[in-house]
Amino acid sequence: MKGIPVATRWFRSERLDEGVRLIWEHHLSPDVHCNIWFIEGRDRNLMFDSGMGVRSLKQELAFLSEKPVVCVAGHSHFDHMGGHWEFEERVGHAAEADIMAAPTCDNTLAADYIEPHHFSALPHDGFTCDSYRLKPAPLTRLVDEGDVIDLGDRVFRVLHVPGHSPGSIALLEEATGLLLSSDCLYDGNLLDELWHSNIPDYLESMARLKELNVRTVRPGHYDSFGKDRLNDLADDYIAGRRKPGCPND
């Protein structure tokens, strides 16, 4: 990738409120880099999604080694699970376990989105889009609707919210109303026509999200938002997709 410099630092992190950190790959365009959410717990920490995997999270971010980390995959697309291989405890839904164990550029969508114009710097010398590969990250724990991720003093309930992908999950901390949504909901163009997307499932997931007692949504891409915006986004999606003849009607 001629003319593009090599990054000195690849990740940025910002400490927010409620023991939450946002981590992102700041040399990638906003359409490609995901929001990596890091939640501090008493006994262990939570990382929700892990980026592309082109640089080591642990080597660059020392706080990731302070306590055991539960690394949860919101789903198995390349920009959300690429760094999972670095962590001993890897959690996700059974519907995408096969992809996590044997990721390719096709089954993770990397082949459709890894393009030079998305990079303002390279992760390492010699990197090219054609050379990008994902490392296997077999799940060590399978979760489904109603399961919990317990950090000792904080508990997150697993929500199975298929549509964007069959194994999409979100995490809800009911005590605070904090929702980690990955790509089931963000304030942007929601993708529902990917190779394993399902629009009827997405409609059901959107209706469910509206019923949740949520205060803050930390999404997979772009900015965070509150309950009112969640409702607006869900309503807009439902109105746009629930047309005459829809299987959900």
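You'll find the structure just up there.
This is a predicted model, so every value here is computed, not measured. (Residues numbered from 1 in each chain as written. Predicted model: local features only at pLDDT ≥ 70, side-chain atom pairs only at ≥ 80, totals over all residues. Heavy atoms only, no water.)

We now examine the overall build of the chain. Per the secondary structure count, the chain includes six helices and 13 strands. Taken over the C-alpha trace, the chain has a radius of gyration of 17 Å; the compact-globule value for 249 residues is 18 Å, and the two agree within 12%. Judged by the C-alpha coordinates and their principal axes, the chain covers about 50 × 45 × 30 Å. Entry remark: accessible area of the chain is about 10,700 Å², with carbon and sulfur atoms responsible for 48%. Side-chain charges of the chain comprise 25 positive and 41 negative groups, with the mean position of each set lying 4 Å from the other. (Helix = DSSP H or I, 4+ residues; strand = E, 2+ residues; numbered from the N terminus. Rg over C-alpha atoms; globule rule 2.2 N^0.38 Å. Areas by Shrake-Rupley, 256 points an atom, 1.4 Å probe, with all protein chains shown as cover. Lys, Arg positive; Asp, Glu negative; His and termini not counted. Charge placed at Lys NZ, Arg CZ, Asp CG, Glu CD.)

Before going further, it helps to spend a moment on the sheet that holds strand β11 (residues 178-182). Overall, mixed pairing links the six strands, which are arranged β8-β9-β10-β11-β12-β13 in an open sheet. Of all strands in the sheet, those bounded by a partner on one side alone are β8 (148-150) and β13 (225-226). Summarising the sheet, strand β9 (residues 155-160) and strand β10 (residues 169-173) pair through four bridges and their orientation is antiparallel. For R157, the partnering residue across the bridge sits in β10 and is L172. (Pairing = 2+ DSSP bridges.)

Before going further, it helps to spend a moment on the packing of aromatic side chains. Per the counting criterion, the structure on display carries six aromatic pairs. Ring geometry for F78 and Y113: centres 6.5 Å apart, planes at 25°, overall stacked. A residue pair is termed long-range when its members are at least 10 positions apart, and F78 in helix α2 (residues 78-81) and Y113 in helix α4 (residues 110-113) qualify at 35 residues. Exposure remark for Y113: the relative accessible area of 29% places this residue in the partly exposed category. The rings of F78, Y113 and Y132 are connected pair by pair, giving a single aromatic cluster. The positively charged end of R21 is found above the aromatic ring belonging to F63, 3.9 Å away from the centroid. Sitting over the face of the ring of W85, K135 holds its NZ or CZ atom 3.8 Å from the ring centroid. (Phe/Tyr/Trp six-rings, centres within 6.5 Å; stacked < 30°, edge-to-face > 60°. Buried < 20%, exposed > 50% of the residue type's maximum accessible area, 1.4 Å probe, protein only. Lys NZ or Arg CZ within 6 Å of the ring centre and 35° of its normal.)

Here the focus is the pairing of strand β6 (residues 89-93). Counting buried positions along β6 gives four out of five residues, so the element sits mostly inside the fold. Pairing between strand β5 (residues 69-72) and β6: three bridges, direction parallel. Bridged to V72 within β6 is V91. Strand direction decides the pairing type here: β6 and strand β7 (residues 141-143), joined by three bridges, are parallel. From the neighbouring strand, H93 faces β7, where its bridge partner is V143.

This part takes up the nonpolar core. Among the nonpolar cores identified, the biggest contains 38 residues, and M52, L57, F78 and Y132 are the most heavily contacted of them. Taken together, the elements giving at least two residues each to this core come down to β3 (36-39), β5, α2 and α3 (97-101). In contact with F78, other than residues within four places in its own chain, are V32, G51, M52, T108, L109, A110, Y113, I114, Y132 and L134. Judged by nonpolar contacts, the second largest core, of 22 residues, contains L179, L185, F225 and L230. (Core = buried A, V, L, I, M, F, W, Y, C linked by side-chain atoms within 4.5 Å. Contact = heavy atoms within 4.5 Å.)

Here we take up helix α6 (residues 227-241). Count 3.6 residues to each turn of an α-helix, and residues three or four apart come out pointing the same way. Its 15 residues place the ends of α6 21 Å apart at the C-alpha level, agreeing with the 21 Å of an ideal helix rising 1.5 Å per residue. Among the residues of α6, L230, L233, A234, Y237 and I238 are the ones counted as buried. Seen from one end, α6 has its buried residues packed into an arc of 130°, which puts them on one side. Exposed residues lying more than 90 degrees from the buried face of α6 are D228, D236 and A239. (Expected span 1.5 Å × (residues − 1). Arc of directions from axis to C-beta.)

As a further point, take the pattern of salt bridges. With the rule as written, the count across this model stands at 16 salt bridges. Linking D43 and R42 is a salt bridge whose minimum nitrogen-to-oxygen distance equals 3.0 Å. Residue D192 is joined to R241 by a salt bridge in which the shortest nitrogen-to-oxygen separation is 2.8 Å. Remark: R241 occurs in helix α6 and D192 occurs in the loop between β11 and α5 (199-211); sequence separation between them is 49 residues. Classification of R241 by relative accessible area gives partly exposed; the value is 28%. The structure contains a network of salt bridges with shared partners spanning E145, R157, E174 and R208. (Salt bridge = Lys/Arg side-chain N within 4 Å of Asp/Glu carboxyl O.)

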